[in-house]
Amino acid sequence: MNAEQKPKRSPRAKSVYELLVWVAALVVALASGSVARAQSLTPDKAAYAPNEPIVLEFKAFPGNAQDWITVVPSSAATDTWGEWFYTQGKQAGTFTFKGLPAGVYQARGYFDWPKGGTQVRAQTTIQVGAAASPVATPPAATPSAGPVALTPNKLTYNLDESIRVAFRGFSGSAKDWITVVPTTTPTDQYAEWYYTEGKSSGELTFRGLPSGDYEARAYFDWPNGQYAVKARTAFKVRGDVKTPGAWLRARKPVYLTDEDIEVTFGGFGAPGADWITIVEASSPTNTYAEWHYTEGTDGSLRFEGLTPGSYQVRAYFDWPNGGYDVRATYALKVVDSRKKSKRVGICAKPKARQAMDRWLATAVPVDAAAVAQRGLRYDAWGRVEMPKRKLPPVHRGKGRCDTLWKDAARLKSKNMGTLKEYVEKNQ
């Protein structure tokens, strides 16, 4: 044999050698986790007593935040679900499901909702109670939650059009809740909101909103769930009020009860005679509540918070010459707050505060020295207000209602008696 020639392996020896190399590589790969393993679901017991909690282990899931697992009757269609959990990005772990009536069930694993749809990726049988007779009919599927979802009935609404939001996949807590807010609102703030009252699915109707970009947000089990957003969906409201010649804006379109309202304005022409008020949206144009003269062609004003309802910011020019010709408007909402109002006594009664505003808007002052002055009227703080006359700033202190009520017996009118008499009669 030539010294330079190497012995040749037989074809059989070569194939055995390559197989051994492949097996060794596979062992190393499995040890390192580089080879994907099949997903699995495993209950911790072969059978459960009726209503006994079910502990289920999952392994080798892909790690999507919205991989999910549910337990359903074995006869249930693959696009139905019972109690369920997201894996929250975990590839392995355990979940404890509520106990069930006697019957045969399946645990099913799904990937990456909603992209993964309802294609079952792993499943296992769960026996509850004694084994069922071959002719027994499994119990009907339990109506339940499913992946949490919120769905508005439209993507774009008209100004002040009611907003319907469907929900599903909720936990079933009586204190799951949904709110609708501007998209920039922090997650620990809310506007109009409702409890789902223990329903895992259904629909809620919210009041119409001013123009803007909004979100419906879902939260679970208040207060235990705090402000963890479980689902959200975006929509728009379009149809701004046209305001020729001048413009008005509030810092935000939705406020909570008693929250101060900041209004900005521009394009005004008669500082000291132009004025702005906030009234209920349905009010006639010749009524007003809290109001202030502007002190420049543009700027901002702060108004005291209001009770829940639909309101309109209105601008008027050159009092009294301009009369009640509205020159600009802006719509806003005030909604119930979870926080208890700090108001007490008569100021805690919305009707009493509304009566105060009605009196201020229609009372004719009895100040003899100013009776001949055109445009004589009370301002929102019970002072005799006249155009072209700048009064000293008001120190809000305890608030407008408290300040007014303290002087209610002193504030008199030619046509409506004292403020105290009017409020006590009309609250």
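Presented here is a report on the structure given in the accompanying data block.

This part covers the state of the cysteines. Every disulfide links exactly two cysteines, by a covalent bond between their sulfur atoms. Summed over all chains, the structure comprises one disulfide. Between the sulfur atoms of C347 and its disulfide mate C401 the distance is 2.0 Å. Here C347 and C401 share a disulfide; its torsion about the S-S bond, -95°, makes the bridge left-handed. One end of the pair, C347, is in the loop between strand 24 (326-335) and helix 2 (350-362); the other, C401, is in helix 3 (residues 400-406), with 54 residues separating them in the sequence. The class of C401 is buried, set by a relative accessible area of 6%.

Attention shifts here to the sheet that holds strand 19 (residues 261-266). Reading across the sheet, the three strands line up as 17-19-22 and stay open at both edges, with antiparallel pairing between neighbours. Across the chains shown, the open sheet's two edge strands, defined by having one partner strand only, are strand 17 (247-250) and strand 22 (299-303). Ignoring strand direction, the axes of neighbouring strands in this sheet form an average angle of 25°. As defined by bridge partners, strand 17 adjoins strand 19 across four bridges and the pair is classed as antiparallel. Directly across from A250, in strand 19, lies its bridge partner V263.

As a further point, take the pattern of salt bridges. According to the stated counting rule, one finds 14 salt bridges in the structure shown. In this structure, E262 engages R251 in a salt bridge whose closest nitrogen and oxygen atoms are separated by 3.9 Å. With E262 in strand 19 and R251 in the loop between strand 17 and strand 18 (254-256), this pair connects stretches of sequence that are 11 residues apart. Exposure remark for R251: the relative accessible area of 52% places this residue in the exposed category. Between E259 and K252 there is a salt bridge; the shortest N-O distance is 2.8 Å. Here E259 falls in the partly exposed class, since its relative accessible area comes to 21%.

With that settled, the discussion passes to the side chain of T294. Looking at where T294 falls in the secondary structure, it is placed in the loop between strand 21 (291-293) and strand 22. Each residue touching T294, except ones within four places of it in the same chain, is listed here: F265, F268, A270, P271, G272, D274, W275 and I276.

Procedures and definitions
- Residues numbered from 1 in each chain as written.
- Predicted model: local features only at pLDDT ≥ 70, side-chain atom pairs only at ≥ 80, totals over all residues.
- Heavy atoms only, no water.
- Disulfide = S-S within 2.5 Å.
- Helix = DSSP H or I, 4+ residues; strand = E, 2+ residues; numbered from the N terminus.
- Buried < 20%, exposed > 50% of the residue type's maximum accessible area, 1.4 Å probe, protein only.
- Pairing = 2+ DSSP bridges.
- Axes fitted to C-alpha atoms, helices over the stretch in contact; angles between N-to-C directions.
- Salt bridge = Lys/Arg side-chain N within 4 Å of Asp/Glu carboxyl O.
- Contact = heavy atoms within 4.5 Å.

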